[in-house]
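Structural characterization, general
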Amino acid sequence: MTAKRAKAFEKRDFPVHEIRRFLEPGPIVLVSSAWKGATNIMTMGWHTVMEFQPSLVGCVIASGNHSFEMIRRSMECVINIPTVDIAATAVKIGNCSGSDTDKFAAFGPTAEPADGVKAPTIAECFASFECRLVDAALVDTYNFFMFEVVKAHVARVPKYPKTIHYRGDGTFMVSGENTARWRRLFRPGML
Ligand SMILES: Cc1cc2nc3c(=O)[nH]c(=O)nc-3n(C[C@H](O)[C@H](O)[C@H](O)COP(=O)(O)O)c2cc1C
């Protein structure tokens, strides 16, 4: 039996500077850092997995952000993943600067010591990945930091946390249905 042909979309010209609204996958993360006795947090949506082993994650951290120099100098951070329960906190953290605000004190997330880096983990996030900066070659040109995740802490429940994915223009997608409906179409090595 031939598969039913999927419907074709009628597409229009679209401003290239706004295509991020369709490509930004999220989930948004809270990046915590520490440098010279101070700690900070920023919200980040522009990240991508680059390799499984070693576990590499690339992140864009704008040079105007207070976190930029803290992370560039300390060469460490923690990528924490929030759920929808603390979405408002994540937005507040992403709308002010650590240069004039102690975000842990102002917004209440609990800083806990990490195992292998000085940056703290955030207790209210369901996952925390301790990261070391392993390649800064693209930092000057693209604000692109290549991190290796050296330790991961992940809650056992829920299995599929309700993560928040930024679509731009103040709009989020909250993760929804999970399905293994197409699992049988994978080659075993691709799972
Ligand atoms: C939903 C959301 C996503 C964001 N994504 C990024 C990002 O990917 N990269 C970035 O540099 N800033 C991003 N920002 C902006 C920073 O979080 C914001 O500039 C923050 O105030 C920086 O904090 P800092 O100056 O204390 O480092 C985002 C903000 C929000 C609210």
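Anything mentioned here points back to the structure above.
Model, not experiment: these values are computed from the prediction.

Among the five residues in strand β4 (residues 56–60), four count as buried, and that is most of the element. Pairing between strand β3 (residues 47–51) and β4: four bridges, direction antiparallel. Note that in β4 the partner of E51 across the bridge is L56. Linking β3 to β4, which pair antiparallel, is a turn of four residues. As defined by bridge partners, β4 adjoins strand β9 (residues 144–154) across five bridges and the pair is classed as antiparallel. Bridge pairing in β9 links V60 to F144.

Attention shifts here to the side chain of E130. Relative to the elements of secondary structure, E130 occurs in strand β8 (residues 127–135). Although E130 is buried, it forms no salt bridge, and the closest oppositely charged side chain is K151 at an N-O distance of 6.3 Å. A distance of 2.7 Å separates a polar atom in the side chain of E130 from the backbone nitrogen of D115.

With that out of the way, let us pick up the site of the ligand. Around the ligand sit 22 residues, and of these T43, A62, S67, C96 and G98 come closest. G45 has a polar backbone atom sitting 3.0 Å from a nitrogen atom of the ligand. In this structure, W46 approaches the ligand through a main-chain N or O atom, which is 2.8 Å from an oxygen atom. Against a free-state accessible area of 640 Å², the protein chains account for coverage of 85% of the ligand. Its residues assigned to classes, the shell around the ligand comprises eleven nonpolar, ten polar and one charged.

Attention shifts here to the nonpolar core. Formed by 20 residues in total, the largest nonpolar core has its most connected members in I61, F145 and F147. Setting aside chain neighbours within four positions, we find F145 in contact with V57, G58, C59, I61, F68, I71, R72, L133, D135 and V139. Among the nonpolar cores identified, the runner-up in size contains ten residues, and I86, I93, I122 and I164 belong to it.

In this section: the pairing of β9. Bridge count for β8 against β9 is eight bridges, and the pairing is antiparallel. Counted as the bridge partner of F129 is A152 from β9.

This brings us to helix α2 (residues 66–74). For α2, the full list of buried residues reads S67, F68, M70, I71 and S74. Where α2 is buried, its residues contact β1 (29–35), β2 (38–44), β5 (76–81), α5 (139–142) and β9. Among the residues trailing α2, M75 stands out with phi positive, at a value near 60 degrees.

Summed over all chains, the structure comprises zero disulfides. Cysteine C77 is unpaired, with the sulfur of C131 as its nearest cysteine sulfur at 4.4 Å. C125 carries a free sulfur, and the closest cysteine sulfur to it, the one in C77, is 13 Å from it.

Here we take up the sheet that holds β8. What the seven strands build is an open sheet, ordered β2-β1-β5-β8-β9-β4-β3; its pairing is antiparallel. Two strands lie at the open edges of the sheet, namely β2 and β3, each paired on one side alone. On average, each strand axis in the sheet is tilted by 35 degrees relative to the strand beside it, whichever way the strands run. Relative to β1, α2 is tilted by about 60 degrees, and along the sheet it contacts β1, β2, β5, β8 and β9.

Cut-offs applied
- Residues numbered from 1 in each chain as written.
- Predicted model: local features only at pLDDT ≥ 70, side-chain atom pairs only at ≥ 80, totals over all residues.
- Heavy atoms only, no water.
- Buried < 20%, exposed > 50% of the residue type's maximum accessible area, 1.4 Å probe, protein only.
- Helix = DSSP H or I, 4+ residues; strand = E, 2+ residues; numbered from the N terminus.
- Pairing = 2+ DSSP bridges.
- Lys, Arg positive; Asp, Glu negative; His and termini not counted.
- Salt bridge = Lys/Arg side-chain N within 4 Å of Asp/Glu carboxyl O.
- Polar contact = N/O pair within 3.5 Å; in protein donor to acceptor, adjacent residues only side chain to side chain.
- Near = heavy atom within 4 Å.
- Areas by Shrake-Rupley, 256 points an atom, 1.4 Å probe, with all protein chains shown as cover.
- Nonpolar A, V, L, I, M, F, W, Y, C, P; charged D, E, K, R; others polar.
- Core = buried A, V, L, I, M, F, W, Y, C linked by side-chain atoms within 4.5 Å.
- Contact = heavy atoms within 4.5 Å.
- Disulfide = S-S within 2.5 Å.
- Axes fitted to C-alpha atoms, helices over the stretch in contact; angles between N-to-C directions.

All quantities given are derived from atomic positions and should not be read as evidence of function.
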